[in-house]
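Understanding the architecture of this molecule
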Amino acid sequence: MQHILDELEDRRARARLGGGEKRVEAQHAKGKLSARERISLLLDEDSFEEYDMFVEHRCAEFGMAANKIPGDGVVTGQGRINGRLVYVFSKDFTVFGGSLSGAHAAKITKIQDMALRNGAPIIGIFDAGGARIQEGVESLAGYAEIFQRNILASGVVPQISVIMGPCAGGDVYSPAMTDFIFMVRDTSYMYVTGPDVVKTVTNEIVTHEELGGARVHATKSGVADGAFENDIETLLQIRRLVDFLPGSNREKPPARESFDDPDRLEESLDRLIPANPNTPYDMKELIEKIVDEGDFFELSPDYGKNIVIALARMEGETIGVVANQPMVLAGVLDSDASRKAARFVRFCDCFDIPIVTLVDVPGFLPGVKQEYGGLIKHGAKLLFAYGEATVPKVTVITRKAYGGAYDVMSSKHLRGDVNYAWPSAEIAVMGAKGAVEIIFRNEIGEPEKIAERTKEYRDRFANPFVAASLGYLDDVIKPHSTRRRIIRALRTLKNKKLENPWKKHDNIPL
Ligand code: HXC
């Protein structure tokens, strides 16, 4: 028996070597960890159970029959993050550049199926050269099998993609269909076609970094939801993120013991709003002061910065925060901000995460560029997402809520459950100056009259009481009690039941 056990150990050791020491060293020299090192950092100590480590490819072309490496370029299995089950696959760049064969794809689809059946998040770590070029259509079929499962798992189990090296061709489309994509600065890039193909087709000369580096996707394209400094920081942040999420849509997000007093008052919030309505203030200060322990996980912090989206906890339970950011473009809604927030609202709704919306928005961004870029459709995405969401929705208007943006930002009329405003709120069709210039256009040459009209408009509308008198707000609250009031509202919504009419699925303006 002993020799059989020894042989098993030998086989395992060979599989663990991947592409061999030299290639692992090359990986380290590029500042990247190996596939297995990444898994061990991501998961709780000793919790990883590997599957399919002896799987080999079936390709015989181009000398591949004599070139087989157990595991075939991807390490798959399950383990725990802070005690909770997750499924994971990690592409091994040291084996055929992490490229995808039919056998490699089958390893991934196997754990996708398990994650879906057993109701646990799936985390994919990418560092790969796309389709296995020697294999052809079997590889393409493998990608499509993965895509199909990404689609079926969407909204059922959280799916997270971590890009830690090159990621091209088929390897970008699977991440694109998952809930979150994170990248590592300087060592990862994502594109459909690489710089060589770009040069041939369009004559543009770009580097890998310029075409698809973390800076591009976390700030310009919005493809990535975040970028971190190195492999270690990235994996630790993923652990932090998973802590906020439920295993699936069949369970509630995890609750954690909180040592932060739910009745905590924050007197400094009474001074947050500047005297001049056009002076910005940092909405993240408000978020920090009302959530448990001031701790929140911001998503897409460098893209569409005029809106902030984050996961946080109140009374130990996960909430999603959507907040206009007056520090950037006065917190206006443009196409990027609308798309960013819409996707997040839908994520929260899929996974039963209550949404807290903090509003200070002067409206939608006017301009030719925005209109040509489809602001109508992009703004409608956010409107649609809020309107269809059935999770608890608590809204606080801190200052401006103008025009269509008032409606959009989780207003009472879009089934906001509990809607509050601070006394500093201004709820109107538009700002006083703009309004007067339209209504009293014929008086524009008379500055005194215009000033008087502007004051009149401001006195009438630059407050929350018109909306409150119509029942569109449930109360006007003191800023210092915001945390307490939101927590009380969330408590009342724990057993909320609301269903949309039956349909196959909706047709959100994509
Ligand atoms: C087979 C591959 C491979 C691939 C890399 N390798 N990509 N083997 N199929 N797709 C192998 C290399 O031959 C090399 O093997 C080893 O992996 C390391 O690759 P290097 O090129 O030495 O590494 P590096 O210089 O870091 O460049 C990484 C890279 C480059 C940028 C990813 O390898 C590359 O451009 N690969 C091809 C990318 C590509 O076009 N893929 C197909 C996309 S089409 P040796 O033994 O020499 O060390 C696609 C279609 C799917 O994916 C569409 C579905 C919708």
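So, here's what we can say about the structure.

Take the overall build of the protein chain next. Within the protein chain one finds 19 helices and 16 strands. Compactness check: the protein chain gives a C-alpha radius of gyration of 26 Å against a globular reference of 24 Å for 510 residues, within 12% of the reference. Each of the three principal axes of the protein chain carries a C-alpha extent, and together these read 95 × 55 × 45 Å. Nonlocal contacts in the protein chain, meaning residues at least 24 apart in sequence, comprise 73% of its contacts between residues at least 6 apart. When the accessible surface of the protein chain is split by element, carbon and sulfur atoms take 54% of a total near 23,500 Å². Each charge sign in the protein chain was given a centre, from 65 positive and 73 negative side chains, and these centres are 3 Å apart.

Of all hydrophobic cores here, the largest spans 59 residues; its most connected members are Ile 160 and Val 322. Apart from the residues within four sequence positions on either side, Val 322 is in contact with Ile 307, Val 308, Ile 309, Ala 341, Phe 344, Val 345, Ile 355, Val 356, Thr 357, Leu 358, Tyr 386 and Met 409.

Relative to each other, helix α3 (residues 35–42) and helix α10 (residues 231–242) sit at 40°, their axes nearing to 9 Å. Classed by the angle they form, the pair α3 and α10 counts as oblique. Along this stretch, α3 crosses α10, giving a crossing that reads as right-handed. Between α3 and α10, the residues in contact are Arg 38, Leu 41 and Leu 42 and Asp 231, Ile 232, Leu 235, Ile 238 and Arg 239, respectively. In terms of residue class, the contact of α3 with α10 is made up of five nonpolar, no polar and three charged.

Around the ligand, 18 residues are found, and the nearest of them are Arg 23, Gly 97, Gly 129, Ala 131 and Gly 170. Here a nitrogen atom of the ligand sits 2.7 Å away from a polar atom, N or O, in the main chain of Gly 129. Ala 131 is positioned with one of its backbone polar atoms (N or O) 2.8 Å from a nitrogen atom of the ligand. Out of a free accessible area of 1,000 Å², the ligand has 54% covered by protein chains. Among the elements that take part in the shell around the ligand, helix α5 (residues 137–153) stands out by supplying three residues, more than any other. When grouped by side-chain class, the residues that make up the shell around the ligand number eight nonpolar, seven polar and three charged.

On to the side chain of Asn 306. One can find Asn 306 in the loop between β9 (296–299) and β10 (307–314). A polar contact is formed between the side chain of Asn 306 and the backbone oxygen of Val 332, at a distance of 2.7 Å. Other than its neighbours up to four places away in sequence, Asn 306 contacts Ala 323, Asn 324, Gln 325, Val 328, Leu 329, Gly 331, Val 332, Asp 334 and Ala 337.

What follows covers the packing of aromatic side chains. Applying the stated criterion across every chain yields a total of nine aromatic pairs. Aromatic side chains Tyr 457 and Phe 461 sit 4.8 Å apart centroid to centroid with 55° between the ring planes, which places their arrangement in the tilted category. Separated by four residues within a single helix, Tyr 457 and Phe 461 lie in helix α17 (residues 447–461), roughly one turn from each other. We classify Tyr 457 as buried; its relative accessible area is 14%. Through a chain of ring-to-ring contacts, three or more aromatic side chains come together here, namely Phe 180, Phe 182, Phe 228, Phe 297, Phe 347 and Phe 351. We note Lys 32 situated over the ring of Phe 93; from NZ or CZ to the ring centre the distance is 4.6 Å. Over the aromatic face of Phe 440 sits the side chain of Arg 453, whose NZ or CZ is 4.1 Å from the ring centroid.

Let us now look at α5. Given 3.6 residues per helical turn, the α-helix brings residues three or four places apart onto the same face. Between its terminal C-alpha atoms α5 stretches 24 Å, which fits the 24 Å expected from 17 residues at 1.5 Å a residue. Considered for burial, the residues of α5 that qualify are Ser 139, Gly 142, Tyr 143, Ile 146, Phe 147, Asn 150 and Ala 153. Each buried residue of α5 lies within a common arc of 135° when the element is viewed along its axis, so the set occupies one face. Exposed residues pointing more than 90 degrees away from the buried face of α5 are listed as Val 137, Leu 140 and Leu 152. Looking one or two residues past α5, Gly 155 carries a phi angle of roughly 85°, positive in sign.

Take the pairing of strand β2 (residues 74–81) next. Among the eight residues of β2, seven are classified as buried, and the element is accordingly described as predominantly covered. Inspection of the sheet shows strand β1 (residues 49–51) paired to β2 by three bridges, in the antiparallel sense. By the bridge assignment, Glu 50 is partnered in β2 with Gly 77. In the sheet, β2 pairs with strand β3 (residues 84–91) via eight bridges, with the strands oriented antiparallel. Following the sheet pairing, Gly 77 is matched in β3 by Val 88.

All right, on to the pairing of strand β5 (residues 159–168) then. Burial of β5 is extensive: nine of the ten residues sit out of reach of the surface. Summarising the sheet, strand β4 (residues 122–128) and β5 pair through six bridges and their orientation is parallel. By the bridge assignment, Gly 124 is partnered in β5 with Ser 161. Read from β4 through α5 to β5, the crossover connection turns out right-handed. In the sheet, β5 pairs with strand β6 (residues 180–184) via four bridges, with the strands oriented parallel. Considered in β6, the bridge of Ile 160 is made with Phe 180. Between the parallel elements β5 and β6, the chain passes through helix α6 (residues 170–176) in a crossover that is right-handed.

The rules behind the values
- Residues numbered from 1 in each chain as written.
- Predicted model: local features only at pLDDT ≥ 70, side-chain atom pairs only at ≥ 80, totals over all residues.
- Heavy atoms only, no water.
- Helix = DSSP H or I, 4+ residues; strand = E, 2+ residues; numbered from the N terminus.
- Rg over C-alpha atoms; globule rule 2.2 N^0.38 Å.
- Contact = heavy atoms within 4.5 Å.
- Areas by Shrake-Rupley, 256 points an atom, 1.4 Å probe, with all protein chains shown as cover.
- Lys, Arg positive; Asp, Glu negative; His and termini not counted.
- Charge placed at Lys NZ, Arg CZ, Asp CG, Glu CD.
- Core = buried A, V, L, I, M, F, W, Y, C linked by side-chain atoms within 4.5 Å.
- Buried < 20%, exposed > 50% of the residue type's maximum accessible area, 1.4 Å probe, protein only.
- Axes fitted to C-alpha atoms, helices over the stretch in contact; angles between N-to-C directions.
- Parallel < 35°, antiparallel > 145°, perpendicular 65-115°, else oblique.
- Left-handed = near helix turned anticlockwise from the far one by under 90°.
- Nonpolar A, V, L, I, M, F, W, Y, C, P; charged D, E, K, R; others polar.
- Near = heavy atom within 4 Å.
- Polar contact = N/O pair within 3.5 Å; in protein donor to acceptor, adjacent residues only side chain to side chain.
- Phe/Tyr/Trp six-rings, centres within 6.5 Å; stacked < 30°, edge-to-face > 60°.
- Lys NZ or Arg CZ within 6 Å of the ring centre and 35° of its normal.
- Expected span 1.5 Å × (residues − 1).
- Arc of directions from axis to C-beta.
- Pairing = 2+ DSSP bridges.
- Right-handed = clockwise from strand over helix to strand, strands pointing away.

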